[in-house]
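Secondary and tertiary structure notes
Here is how the chains run, residue by residue.
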Amino acid sequence: MDTTRSPRLSLTSALLCTLAWCVIQDLGKEASATDSGNGLAQNDIVVIVNPENQIDSITSRDLRKLYLGKTRKFSKGGLAALATLDPLRSRFNEVVLRKSDAQIDSIWSRLQFSGRARPPTAFDNPQAVVEYVENTRNAIGFVSRAEITSAVKPVYVFN
Amino acid sequence: MAASINCKHACKGAGLLLALSLLLAPATQATAEVMLSGFGTLGYAQSNSDNSPYLRGEGGEGADSDGTFKVDTRLGIQMDSHFNERFSATLQGVARQNYEGNFKPKAQWAFIKTQLSDSQSLRLGRMSDPLFRNSQTRDVGYVSTDLRMPQELYNQSNLSYFDGLDYTHHFALGQSDIAARLYTGESKSTFSGIFVFRLEDIAGFTLDGQGNNTSWRLGYNHASISYSSPTINAAETALSAASGFFPELQVYADDFSDRKRTIQAINLGATVEGDAWSAEAEWLTIKGSGVVPDTNAWYAIARYQFARWTPYAYVASARQTSRRSLPAPSTATLNALIDLLRLAYLPIDQDTLALGVRWDFARKFALKAQVDWVSRASHGVNFARPVSNTVNNDDVVLASIALDFVF
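One structure accompanies this document, and this report is about it.

For interface size, the figure often reported is the accessible area lost on association. Chain B puts 53 residues into the contact, and the matching count from chain A is 40 residues. Between chain B and chain A lies a buried interface of about 4100 Å² when both sides are counted; carbon and sulfur atoms form 50% of it. Across the chain B-chain A interface, the total number found is 4 salt bridges. Across the pair lysine 65 of chain A and aspartate 177 of chain B runs a salt bridge whose closest N-O atoms are separated by 3.3 Å. Between chain B and chain A we count 23 residue pairs in polar contact (both at pLDDT 80 or more) in total. Those elements that place two or more of their residues in the side of chain B that touches chain A are β1 (33-47), β2 (74-84), β4 (106-115), β14 (350-362), β15 (365-376) and β16 (396-406) of chain B. Looking at the side of chain B that touches chain A, the element that brings in the most residues is β1 of chain B, giving 7 residues. Taken together, the residues that form the side of chain B that touches chain A break down as 19 nonpolar, 20 polar and 14 charged.

Moving on, we get to the pairing of β16 of chain B. Residue and element names in this part refer to chain B. Burial analysis of β16 places 8 of its 11 residues in the buried class, which makes it a mostly covered element. Both β1 and β16 contribute to a ladder of 9 bridges, which runs antiparallel. Within β16, the position partnered with tyrosine 44 by the bridge is isoleucine 401. Bridge count between β15 and β16: 10 bridges; the pairing is antiparallel. In the strand pairing of β16, valine 374 is matched with valine 396.

Criteria and thresholds
Residues numbered from 1 in each chain as written. Chains lettered and ligands numbered in written order. Predicted model: local features only at pLDDT ≥ 70, side-chain atom pairs only at ≥ 80, totals over all residues. Heavy atoms only, no water. Contact = heavy atoms within 4.5 Å. Buried area = accessible area lost by both parts, 1.4 Å probe. Salt bridge = Lys/Arg side-chain N within 4 Å of Asp/Glu carboxyl O. Polar contact = N/O pair within 3.5 Å; in protein donor to acceptor, adjacent residues only side chain to side chain. Helix = DSSP H or I, 4+ residues; strand = E, 2+ residues; numbered from the N terminus. Nonpolar A, V, L, I, M, F, W, Y, C, P; charged D, E, K, R; others polar. Buried < 20%, exposed > 50% of the residue type's maximum accessible area, 1.4 Å probe, protein only. Pairing = 2+ DSSP bridges.

Structure representation (structure tokens):
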């Protein structure tokens, strides 16, 4: 072992130990955050499309394909215009897409910065999602059951 | 030859269309939806070796025992204009260290896209290098778990982008969604200021498949390569002159000539994902010509996600499969020439074992730390080329930390 290498390895070991400590600290925080999240999961969330859309229902598999950017097409034709609702985004990602928010951000960043697809349009209030779906022929979005109107078509429900 | 003519016309056409679309953009602003976004990395890397710095991309300042922010730091800005459901334009500028050691921004993407149908699209203009599975996002640290993509593969080509066109067709095959892509174009890239490569008649295809928990990629690329620079031209002149006295040098003089040569690359990659874990592997083989050697390279990476933490490990390897055997030393003059030739034909073998962790501590931010153990022959794939015939093949430990973000 030469003398120049030892300080580097010490630096590396110190870095890894610090990160290991951070992991242990953060895992504790994460566990409690998940517990409180489950407590909120009371209301149904409904996936909605424009009434002109040919589909009357959608499978969770097809929803995953659209919201993970694997396909842009609805099963009965038309290029989907995806919408997300920020307050319900994490539950949709976890329950339907089975991914963390960070994984979803990463997947859409990859598609966006490689010029392949534009990410879903993000809304922060449910009325805006309903209005967008109502006025956009190939739009698809999700809101809580209480927010849907007769101007949109429900195609999938989860809670 | 036909491909060459088509390509040149297409490239000029693409440039013209792009300019037109940009000129028309303000006029159609009432209907165009413009979106600005970006990505960046602030990275620091330090190695335990002062013999030859660890480089990435074109070159410039590398990481040695003094450490540097220049190897991994980059910033990209993208503007997407959506004119209607079928027509859009994308511009992306990226500032990363170039071979001169500065961060002068370059246009990485500049294309217009036409959605020909629900399943077919055509892009014209400048597009990112399609040679590797993830090369189109090689500067976007946030989208990958690892701190920097394995350089054994991703530093095999500094092509970075090409000007031309591509056509993509999406279709379903059983449970998989497939994107089949055909592309053609041309490119120029400079490597460490010594070599200027020009790639013409670029043609290739990629097939990207996505199942429920698997994805895969097959790619083939074919191009005419020519290279020139004052250094290369001087080497050819000297070798041609010397071959009058030493006929065995003629073959090396030919290697340095600026004629067009054919190179080919085949690329295979696959990913398998569970709920918390994923594994990915990629393999690349290049059939070179002249001073571009034949190489095989691969990597395999495994990741496991605990909440917002993702530890990972990868192994990567590159091997040069073509070797030049140099003439046996006979006279002092020939020996001096052979010594110079040996520098030009140094093998690029390199292996890396990397361990790291990614922490998604806030939305659209990730902090990563990685340690690489690298063994190499000479300058390997991405170490600074030695300036003398002293071969530096010591193992190197590299410690890196990076903050990635998108906006």
